[in-house]
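Summary of the model geometry
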Amino acid sequence: MTQHVDVLVIGAGLSGIGAAWRLQQARPGIRYAILEARAAIGGTWDLFRYPGVRSDSDMYTLSYPFRPWHGSESLASGPSIRQYIRDTADEAGITGHIRFHTRVVAAEWSSDTARWTVHAVTGDDAQPQTYTCNFLYACAGYYNYAHGHEPDFPGLSAFTGRFVHPQFWPEDLDHTGKRVVVIGSGATAVTIVPAMAPSAAHVTMLQRSPSYLTPLPGTDVVANGLRRVLPAGAAHRAARAKNILLSQGFYQLARRRPDRVRRILRRFALRHLDDPAYVDEHFTPTYQPWDQRLCIVPDGDLFEEVRKGRASVVTDHIDRFVPEGIRLVSGRVLEADIVVSATGLSLLAIGGITLTVDGDPVDIGAGLTYRGVMLGGVPNFAYCIGYTNASWTLRADLSSRFVCRLLTHLDRHGYASATPVAPRGGARRPLLDLTSGYVRRDVHRFPSQGERDPWVVRQNHLREAFTTPRADLTRDMRFTRRAAPAARPDSTLEDIAT
């Protein structure tokens with residue numbers, strides 16, 4: 001049986017729940033459903049269960065603007081974020097709209113009916129389900145939940161210890177008293193190392209090259225002070241504004257004065273380690289700040305574990321795995337009982353869904369993004385991707401508010417569909433404009449951005465917070481009107497007699 005709704009949201013994570021809240025607020029009475037492939041609310045924060053999993057953005061900007069964060073931590077743990085998302089859904093009556101264990105595989109647009117037909121599978125036996133909707137909104141994030149990036153490590157089968165990937169952390173893994181090697185230097189690695197170090201025999205972070213690390217307080221003294229003198233909502237808004245200004249200001253400084261920011265970050269590391277040679281070897285990258293996303297180190301915890309001798313950093317390349325651990329190109333062998341492959345994500349556009357418009361397949365990688373929310377040539381479809389230089393939710397919420405404005409515009413003018421019309425020719429840039437390995441590997445799977453508005457994605461929340469709510473919805477947009485209701489046939493004699 002086909003089920004029809006006005007709006008179908010894909011994903012019940014941070015973005016999907018936020019989208020549902022905005023839909024309910026801006027479009028009272030709207031019929032919507034959320035299709036979630038997993039068994040629970042939370043998305044990323046329900047999937048990742050590795051030691052120390054936490055946000056790498058402050059919770060005053062990662063949380064929703066409409067529901068204040070009440071936790072004491074500014075850089076919060078994964079379980080507390082997961083509970084925050086679930087509580088938001090429960091309190092707003094969103095949970096009842098979610099269809100769990102339902103994975104979307106394809107969606108087909110028909111201009112004749114001005115509807116999407118969405119094909120999904122549900123349950124362990126992958127029973128087919130069909131939905132139709134007037135508007136489709138993909139809030140499935142931007143990476144593959146089924147598997148992370150896994151390099152082809154030579155000799156891995158010879159390793160006699162345990163090899164794990166953070167994306168699928170084994171519940172039975174006990175690292176107490178064990179020698180652990182964590183491969184990688186990104187956000188996941190710098191989280192796992194200090195979390196495992198206190199109870200492991202020793203933890204080594206093995207990296208091919210250094211990353212920039214930024215120590216930040218785990219709690220926000222200013223935000224906690226504001227809570228004591230202001231109502232919860234006002235305190236949250238003030239802390240949010242303060243953190244947006246600080247993060248955006250630091251990003252702009254990094255892009256305009258990279259050498260100055262390099263010196264600042266080096267001084268931060270030296271405050272904890274007081275070893276210039278060690279910092280220069282292991283914590284001084286060759287690229288410029290914010291060419292890749294900066295890794296946050298709450299209260300300098302990784303530096304502190306290195307200083308205490310419970311963790312160390314090795315910068316080298318892997319030659320091959322051996323039974324007792326990892327042999328490096330330098331010839332050194334890192335002995336390990338457990339190896340954690342924190343080698344990055346595998347990106348996946350709109351959850352890997354196959355899109356078709358009037359029978360023609362949509363090549364997402366060849367497409368052009370419209371305001372970072374829609375795709376050129378694809379009607380009544382939006383997707384949600386957050387910032388690369390700030391909290392995900394800041395942009396996700398702007399995207400959901402844009403979708404609500406567009407839906408209202410369609411209703412107000414009697415339109416059935418809206419299709420962005422992409423310009424011909426012109427220069428193109430990647431949607432995710434970072435040099436990180438996990439981005440470069442799969443960026444071709446994502447749409448590009450153009451060289452002029454509204455086909456440019458600006459990593460500037462202060463600007464977008466002003467321009468997006470005021471954006472011209474008609475610019476480079478083609479609308480089609482709703483079909484007129486079918487005329488009632490002429491009355492028959494039988495009708496008249498009745």
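Up top is the structure these notes are about.
What you see is a predicted model, and the numbers here were worked out from it, not measured in a lab. (Residues numbered from 1 in each chain as written. Predicted model: local features only at pLDDT ≥ 70, side-chain atom pairs only at ≥ 80, totals over all residues. Heavy atoms only, no water.)

With that settled, the discussion passes to the packing of helix α1 (residues 14–26) against helix α11 (residues 392–412). For any two helices packed against each other, one specifies the inter-axial angle together with the distance between the axes. Two numbers describe how α1 lies on α11: the axes approach to 9 Å, and their chain directions differ by 35 degrees. At the point where α1 passes α11, the crossing takes the right-handed sense. In this structure, α1 uses Leu 14, Ser 15, Ala 19, Arg 22, Leu 23 and Ala 26 to contact α11, whose residues at the interface are Trp 392, Thr 393, Ala 396, Asp 397, Ser 400, Arg 401, Cys 404 and Leu 407. Taken together, the residues that form the contact of α1 with α11 break down as eight nonpolar, three polar and three charged. (Axes fitted to C-alpha atoms, helices over the stretch in contact; angles between N-to-C directions. Helix = DSSP H or I, 4+ residues; strand = E, 2+ residues; numbered from the N terminus. Left-handed = near helix turned anticlockwise from the far one by under 90°. Contact = heavy atoms within 4.5 Å. Nonpolar A, V, L, I, M, F, W, Y, C, P; charged D, E, K, R; others polar.)

The buried fraction of strand β9 (residues 202–207) is high, at five of six residues. Examined bridge by bridge, strand β8 (residues 179–183) and β9 share five bridges and lie parallel to one another. The partner of Ile 183 across the bridge, within β9, is Leu 206. Considered for its hand, the β-α-β crossover made up of β8, helix α5 (residues 187–196) and β9 is right-handed. (Buried < 20%, exposed > 50% of the residue type's maximum accessible area, 1.4 Å probe, protein only. Pairing = 2+ DSSP bridges. Right-handed = clockwise from strand over helix to strand, strands pointing away.)

A cis amide bond links Asp 453 with the next residue in sequence, Pro 454, at an omega value of 0 degrees. With respect to the element layout, Pro 454 can be found in the loop between β24 (448–449) and α13 (461–467). If you check the backbone angles, Asp 299 has positive phi at about 55 degrees while not being a glycine. Mapped onto the elements of the fold, Asp 299 is located in the loop between β11 (295–298) and α10 (301–308). Phi angles above zero are rare outside glycine, and Arg 371 is one such case at about 55 degrees. Structurally, the position occupied by Arg 371 is in the loop between β19 (369–370) and β20 (374–375).

Another aspect to go through is a positive patch on the surface. On the surface, Arg 256, Arg 257, Arg 260, Arg 263, Arg 267 and Arg 271 cluster together into a positively charged patch. We classify Arg 267 as partly exposed; its relative accessible area is 47%. (Patch = residues over 30% accessible without salt bridge, like charges linked within 9 Å, V, L, I, M, F, W, Y side chains within 5 Å. Areas by Shrake-Rupley, 256 points an atom, 1.4 Å probe, with all protein chains shown as cover. Salt bridge = Lys/Arg side-chain N within 4 Å of Asp/Glu carboxyl O. Lys, Arg positive; Asp, Glu negative; His and termini not counted. Charge placed at Lys NZ, Arg CZ, Asp CG, Glu CD.)

If you look at the biggest cluster of nonpolar residues, it comprises 124 residues, and the most contacted ones within it are Ile 17, Trp 116, Val 118, Leu 136, Leu 355 and Phe 381. Apart from the residues lying within four places of it in its own chain, the contact partners of Val 118 are Leu 8, Leu 35, Val 104, Ala 106, Ala 107, Gln 129, Thr 130, Tyr 131, Cys 133 and Leu 136. By size, the runner-up hydrophobic cluster in this structure holds 12 residues, among which are Leu 206, Val 314, Leu 328 and Leu 334. (Core = buried A, V, L, I, M, F, W, Y, C linked by side-chain atoms within 4.5 Å.)

Here we take up the packing of aromatic side chains. On inspection of all chains with the given rule, the structure shows 20 aromatic pairs. Taking 5.2 Å as the distance between ring centres and 90 degrees as the angle between the ring planes, the aromatic pair formed by Tyr 212 and Tyr 287 counts as edge-to-face. Taken together, the positions of Tyr 212 in the loop between β9 and β10 (213–216) and Tyr 287 in the loop between α9 (276–282) and β11 put the pair 75 residues apart, joining distant regions of the chain. As far as the burial class goes, Tyr 212 and Tyr 287 line up, both buried. Residues Phe 283 and Phe 303 carry aromatic rings whose centres are separated by 5.1 Å and whose planes lie at 80 degrees to one another, so their mutual orientation is edge-to-face. Separated by 20 residues along the polypeptide, Phe 283 in the loop between α9 and β11 and Phe 303 in helix α10 bring together distant segments of the chain. Classification of Phe 283 as buried rests on a relative accessible area of 7%. Among the aromatic side chains, those forming a connected cluster through ring pairs are Trp 21, Tyr 64, Phe 66, Trp 69 and Tyr 84. Taking NZ or CZ as reference, Arg 470 lies 4.2 Å from the ring centre of Phe 466, over its face. (Phe/Tyr/Trp six-rings, centres within 6.5 Å; stacked < 30°, edge-to-face > 60°. Lys NZ or Arg CZ within 6 Å of the ring centre and 35° of its normal.)

Summarising the element assignment, Arg 424 is placed in the loop between β22 (415–420) and β23 (429–430). Spatially, the C-alpha atoms of Arg 424 and Pro 298 are 46 Å apart, while their sequence positions differ by 126 residues.

Turning to the sheet that holds strand β16 (residues 338–341), a few remarks are in order. Read from one edge to the other, the open sheet built from five strands follows the order β7-β16-β8-β9-β12, with strand pairing classed as parallel. Two strands lie at the open edges of the sheet, namely β7 (162–164) and β12 (311–315), each paired on one side alone. Direction aside, the axes of adjacent strands within the sheet are offset by 20 degrees on average. Along the sheet face, α5 touches β8, β9, β12 and β16 and points at about 165 degrees away from the line of β9.

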